Amino acid sequence: MVKRKAEKQQAAAPLSAVAARKARQQQAQAQALAAEKPSQVDSIPEPPSKKPRHEPESQEQETPAKSPRNDNPPLRRSSRRSDAIDRRESVERKETKKVEVAQESLDRQIQKEIEDQVPSDSDMSEPEAVEEDTRMDPIAAPDEESEEEAGYESPAEFPVQVQEFPLSKTRLNKSNVVYSDEETLCVRIKEKMSLVLVGQYDLWVKRGLVSLMGAKLHPSPQVYRVYAPSTHSLPVIKCVAGVDGVAEVEIKSCSTGITRLGDLSPLYQCVWNGKKTPADKFTLKQAPSSCRRSFSVLNTSADDSLKRHLRPLHLEKQWSAAIKSLSQRGGRLRTLVCGPKGSGKSTFSRYLLNHLLSPAPQTETNYCNTDGVAFLDLDPGQPEFSPMGQVSLTHVRAPVFGPPFTHPSLDGSRQGTIVRAHHIGATSPREDPDHYMLSAVDLMDRYHALLASYPQCPLIINYPGWIFGLGLEVATWLIRTLGLSDVVYMSEKGPGEVVEPLAQAAHHAAIRLTTLPSQPTDFVSRSSAQLRAMQMQSYFHMDRPDPLATPLWSATPLARTRPFRVRYAGPTPGIRGIMVLGSAIQPDILHEVLDGSIVSIVALESPTPILGHSSSTSSSDPDSESPATPLDTLITRAPTTNLPYLFSGSGSTNPPDPKTTRSLGLALIRSINPNTQHLELITPIPPRQIQAALTDGESHGIILVRGTLDNPNWALSEEYHSARAAQKRHRDQTSDNQASKPSSQEQEKEDQTSALLNHRIRQASNVPWMKVIEDHSRWRREQQQRGSAHLWKLKKKAYPGSESEGEW
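Residues numbered from 1 in each chain as written. Predicted model: local features only at pLDDT ≥ 70, side-chain atom pairs only at ≥ 80, totals over all residues. Heavy atoms only, no water.

In the annotation of an unreviewed UniProt entry, the entry for the protein chain reads Polynucleotide 5'-hydroxyl-kinase GRC3, and the organism field reads Aspergillus candidus. Per UniProt, the protein chain carries the Subcellular location (unreviewed entry) text "Nucleus, Nucleolus". Recorded in UniProt for the protein chain, the comment headed Sequence similarities (unreviewed entry) runs: "Belongs to the Clp1 family. NOL9/GRC3 subfamily." (UniProt positions renumbered as here; feature names shortened; annotations may be inferred.)

Printed below as a string of structure tokens:
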């Protein structure tokens, strides 16, 4: 009887509404209690309550009003229920208000902690839900390859609201602006205050002590080049100590050509500063309206005209303490930085590097760095000072202020030099762990040789995010064998099956293990694959003229760049062989495998440079005068092109021996001419380095090595994007000239130029593996339906399947 009565009450619409509201009330009360707990930082929004199955909620609310008579007892009970509903709705509104107040209080508390007690100004605009406008041309690039670990990085499923976020603690006014003109801005910054800019600029510290990306910059004639693109967190210029509590810095515009790379790829568009910010307008009152610096001062992210997801680059307190502790070791420091993917290893390593290169004059150990810092980069997927696919040892002499694509190579730079590099041929060492470990050991041996000239040179080793399974075994092996002093693991949430083997290996080697929290999870405007493409494109377009200390970038498409012509057959070939890493291929398809691919130019230092072939197998005659005989026995000529296919192994290729080979850099094979037996290569390697590798007395020639790197899709579309950019500039110029009524000759010349540009665009559109989309708005709608087209969501887990490390 009781059960049937309960079933009847559950089927009634008014009771179902009461039950639904009661459930919402209980959820609101539970949320309010949870929000009041100081340990909980992120509140969980209330899920939508389940609606009645039979009647909509609007009908439930109208049910008591439809009663024909008021003297019916059941209807009086319904009226009482209605009164109870009204009372519960009133209580619910109060509870909801209470939750909102508690949530606002928590938001203010969190924001206060993030801003480090930055006062909020009343003139800040409300946050807008605007996606970043990349202003891409109507072209659909090929689909990006999947990430190394599926599910760890993906486009945002929902459009992300770009909220107003405080950036600078210093607001420019008449009291802190010393002078300003069209190119220069001099600012006074009080102690503990900061300044954030977007763009590129030269920084000169005139008074006081300033910190920037881990470096302590003292007053000196030295000028530092800073790159602050929106693809990464923006560097923060902070006053640490000053004269009378104030530091004075001069910021000056610079022109490097890197902004022109936006004419070659949409990935480089909307990366630097946009229109004038309120701070720029204040400091450029006397300048013409057309004046535009290469940098912009930002008070909050709402000042950005492009409405991008901008965040400052803050240093965790535990990170700062660890950097200070590690730097006290001075020249005895040998540290390995490891951790899960996306945990901040590269950022921490860059901070530590800058801190070691610019120590304070008075420290506890009185250590002054004059020998530079050795940076052993073992991450072939996201290297710091070399193009992807390589591991390298770099001797850095000056701090670096910018993401990796602003310094993809240090060859010939006053900032540092690449001591030695090896081509892994992949973005992950899992393809060939043995070759990877041999390369790491050889680079470590080169570091010990470097200590003979620079005995006080510390070492930083950047290990990739390959920290599970076989990668963990490689990491523990490196800890036991490289003779380190410290190991830094970038995750406080384990897991135990990773931390415990690392701790045991560190204990066995008698070195210290430091565990640090990973950086906060955030949205980024470029995925890892896109950042790799940007770094590769920057590498191939960068040049370092000898008189200049800073690099320059060329916006000329690679299709219009003059290539190197190298003979691959004949009496005096420029290359001795071509190797394809991985499985063996048929020599007759070598032409298709190489055409339009990225290869490494590898210099040989021994007549037997391939793993598995010792010098004893080279020749039975000790008086043999041809050291190339062992290598020639491994070469097979392609039937139609006569290309020298170099293969050694059973099933898979034996890679070059790291002890007897080194990588000079990367090259793009533009074309292969079987008639003249020449290769056309496009490479940023200085010709003097290639010539030295060929003419050196200890050299045994050069080979080309092709790995499994990402296809250079960016190179295929450069000519198209360049033509579109030229057409846009011509149209803007034509529209400006229309006001002056050009003559018939000028009009005819403009029409001819327009026709030539249209013809150039049509020719550039006929490129394989590239599809031009005419209806660009439709493509944008499709991208928005798939999710946020311009923001990527980083998911950092301690191990696959875990819920740690702030998964979104």
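Following the structure, the description resumes.
### Some thoughts on the overall build of the protein chain
Within the protein chain, the regular secondary structure consists of 18 helices and 31 strands. For the protein chain, the proportion of its 808 residues judged to be buried stands at 50%. Within the protein chain, contacts between residues at least 6 apart in sequence are counted, and of these 78% link residues at least 24 apart. Summed over its atoms, the accessible surface of the protein chain is roughly 39,500 Å², and 50% of this surface lies on carbon and sulfur atoms. (Helix = DSSP H or I, 4+ residues; strand = E, 2+ residues; numbered from the N terminus. Buried < 20%, exposed > 50% of the residue type's maximum accessible area, 1.4 Å probe, protein only. Contact = heavy atoms within 4.5 Å. Areas by Shrake-Rupley, 256 points an atom, 1.4 Å probe, with all protein chains shown as cover.)

### A short note on unusual backbone geometry
Positive phi, close to 50°, is recorded for Met213, a residue that is not glycine. With relative accessibility at 7%, the residue Met213 sits in the buried group. Here the phi dihedral of Asp244 falls at roughly 60°; this positive angle occurs in a residue that is not glycine. Tracing the backbone shows Asp244 in the loop between β9 (236-241) and β10 (246-253). For Asp244, a relative accessible area of 75% gives the class exposed.

### Thoughts on the packing of aromatic side chains
Within the structure shown, the criterion is met by nine aromatic pairs. Ring centres 6.1 Å apart and planes at 85° place the aromatic pair Tyr227 and Trp553 in the edge-to-face group. Here the residue Tyr227 occupies a position in strand β8 (residues 223-228), and Trp553 occupies one in strand β21 (residues 552-553), the gap between them amounting to 326 residues. According to the relative accessible area criterion, Tyr227 is buried, its value standing at 6%. Ring geometry for Phe375 against Phe385: centres 5.4 Å apart, planes inclined by 90°, an arrangement best described as edge-to-face. Remark: Phe385 occurs in the loop between β13 (373-377) and β14 (390-396) and Phe375 occurs in strand β13; sequence separation between them is ten residues. Every member of this aromatic cluster is reached through a ring pair, and the members are Tyr539, Phe540 and Trp714. (Phe/Tyr/Trp six-rings, centres within 6.5 Å; stacked < 30°, edge-to-face > 60°.)

### Topic: the nonpolar core
One broad trend across soluble globular proteins is that nonpolar side chains are buried collectively. Counting 51 residues, the largest nonpolar core has Phe540, Ile575, Leu594, Ile601, Leu643 and Leu679 as its most contacted members. Top element by residues in this core is strand β27 (residues 661-673). It accounts for six residues. In this view, Ile575 contacts Val566, Arg567, Tyr568, Leu679, Ile702 and Leu704; residues no more than four positions away in its chain are not counted. One finds Ile189, Ile237, Leu352 and Leu410 within the second-largest nonpolar core, a separate group that totals 49 residues. (Core = buried A, V, L, I, M, F, W, Y, C linked by side-chain atoms within 4.5 Å.)

### Things to note about the pattern of salt bridges
Under the defined criterion, the tally for this structure stands at 19 salt bridges. Glu248 is paired through a salt bridge with Lys206; the nearest N and O atoms lie 3.5 Å apart. Within this pair, whereas Glu248 is found in strand β10, its partner Lys206 is found in strand β5 (residues 194-207), the two being separated by 42 residues in sequence. The salt bridge partner of Asp632 is Arg576, with a shortest N-O separation of 3.9 Å. Here the residue Asp632 occupies a position in helix α13 (residues 629-632), and Arg576 occupies one in the loop between β22 (564-567) and β23 (577-580), the gap between them amounting to 56 residues. The buried category is assigned to Arg576, whose relative accessible area is 16%. One connected set of salt bridges, linked through shared partners, spans Arg420, Asp442, Arg446, Glu605 and Arg662. (Salt bridge = Lys/Arg side-chain N within 4 Å of Asp/Glu carboxyl O.)

### Here we look at the side chain of Arg760
Within the secondary structure layout, Arg760 lies in helix α17 (residues 744-765). Owing to a relative accessible area of 18%, Arg760 belongs among the buried residues under this scheme. Apart from residues lying up to four places away in sequence, Arg760 is in contact with Pro557, Arg560, Glu719, Ser722, Ala723 and Ala726.

### Overview of the environment of Asp371
Counting through the fold element by element, Asp371 comes out in the loop between α7 (345-357) and β13. The exposure class assigned to Asp371 is buried, which follows from its relative accessible area of 12%. As for Asp371 and Ser453, which are separated by 82 residues in sequence, their C-alpha atoms are 8.6 Å apart. Not counting residues within four places of it along the chain, the set of residues in contact with Asp371 comprises His395, Arg397, Tyr454, Pro455, Gln456 and Cys457. In terms of polar contacts, Asp371 uses its side chain to reach the backbone amide nitrogen of Gln456, at 2.9 Å. (Polar contact = N/O pair within 3.5 Å; in protein donor to acceptor, adjacent residues only side chain to side chain.)

### Some points on the sheet that holds strand β18 (residues 512-515)
The pairing of strands in a sheet comes from backbone hydrogen bonds and takes either a parallel or an antiparallel form. Strand order in the open sheet made by the seven strands is β15-β14-β13-β16-β12-β17-β18, with mixed pairing throughout. Taken across any chain shown, the strands that pair with only one partner, and hence form the sheet edges, are β15 (416-423) and β18. Across the sheet, the mean angle from the axis of one strand to that of its neighbour is 15°, orientation sign disregarded. Here β13 runs beside β14; their pairing, made up of five bridges, is antiparallel. From the neighbouring strand, Ala374 faces β14, where its bridge partner is His395. Sheet strands touched by α7: β12 (334-338), β13, β14, β16 (459-462) and β17 (486-489). Its angle to β16, the strand with the most contacts, is close to 170°. (Pairing = 2+ DSSP bridges. Axes fitted to C-alpha atoms, helices over the stretch in contact; angles between N-to-C directions.)

### What to know about the sheet that holds β22
Strand order in the open sheet made by the eight strands is β22-β28-β27-β24-β29-β23-β26-β25, with mixed pairing throughout. The open sheet has two free edges, formed respectively by β22 and β25 (635-637), since each of these has just one partner strand. Adjacent strand axes in the sheet meet at a mean angle of 40°, parallel and antiparallel pairs treated alike. Here helix α11 (residues 528-541) sits on the sheet and contacts β24 (598-604), β27 and β28 (678-682); the angle it forms with β27, its principal contact strand, is near 85°.

### Describing the side chain of Asp486
As for its position among the elements, Asp486 is in strand β17. Given the relative accessible area of 0%, Asp486 is considered buried. Polar side-chain contacts of Asp486 include one of 3.1 Å to the side chain of Arg512. Non-local contacts of Asp486, meaning those with residues more than four positions away in its chain, are made with Leu326, Arg329, Leu333, Arg334, Thr335, Leu336, Ile511 and Arg512.

### Brief notes about the confidence of the model for the protein chain
Looking at the protein chain, pLDDT values average 78 and 70% of them are 70 or higher. Low pLDDT, under 50, characterises residues 1-18; the stretch is placed with eleven contacts to residues that sit more than four places away or in other chains. Low pLDDT, under 50, characterises residues 616-629; the stretch is placed with seven contacts to residues that sit more than four places away or in other chains. (pLDDT = per-residue confidence, 0-100.)

### Comments concerning the packing of helix α6 (residues 317-327) against α7
Packing of α6 against α7 brings their axes to within 10 Å, and their N-to-C directions diverge by 45°. On the basis of their axis angle, the class for α6 and α7 is oblique. You can see that α6 and α7 cross each other, and the crossing is right-handed. Between α6 and α7, the contacting residues are Trp319, Ala322, Ile323, Leu326 and Ser327 on the first element and Thr347, Phe348, Tyr351, Leu352, His355 and Leu356 on the second. Looking at the contact of α6 with α7 residue by residue, the classes come out as eight nonpolar, three polar and no charged. (Parallel < 35°, antiparallel > 145°, perpendicular 65-115°, else oblique. Left-handed = near helix turned anticlockwise from the far one by under 90°. Nonpolar A, V, L, I, M, F, W, Y, C, P; charged D, E, K, R; others polar.)

### What to know about the packing of helix α9 (residues 470-481) against helix α10 (residues 496-508)
One can describe the packing of α9 onto α10 by two numbers: an axis separation of 8 Å at closest approach and a directional angle of 15°. By the angle between their directions, the pair α9 and α10 is classed as roughly parallel. For the crossing formed where α9 meets α10, the hand is right-handed. Across the interface between the two elements, Leu472, Ala475, Thr476, Ile479 and Arg480 of α9 pack against Glu497, Val498, Pro501, Leu502, Ala505, Ala506 and His508 of α10. In terms of residue class, the contact of α9 with α10 is built from eight nonpolar, two polar and two charged.

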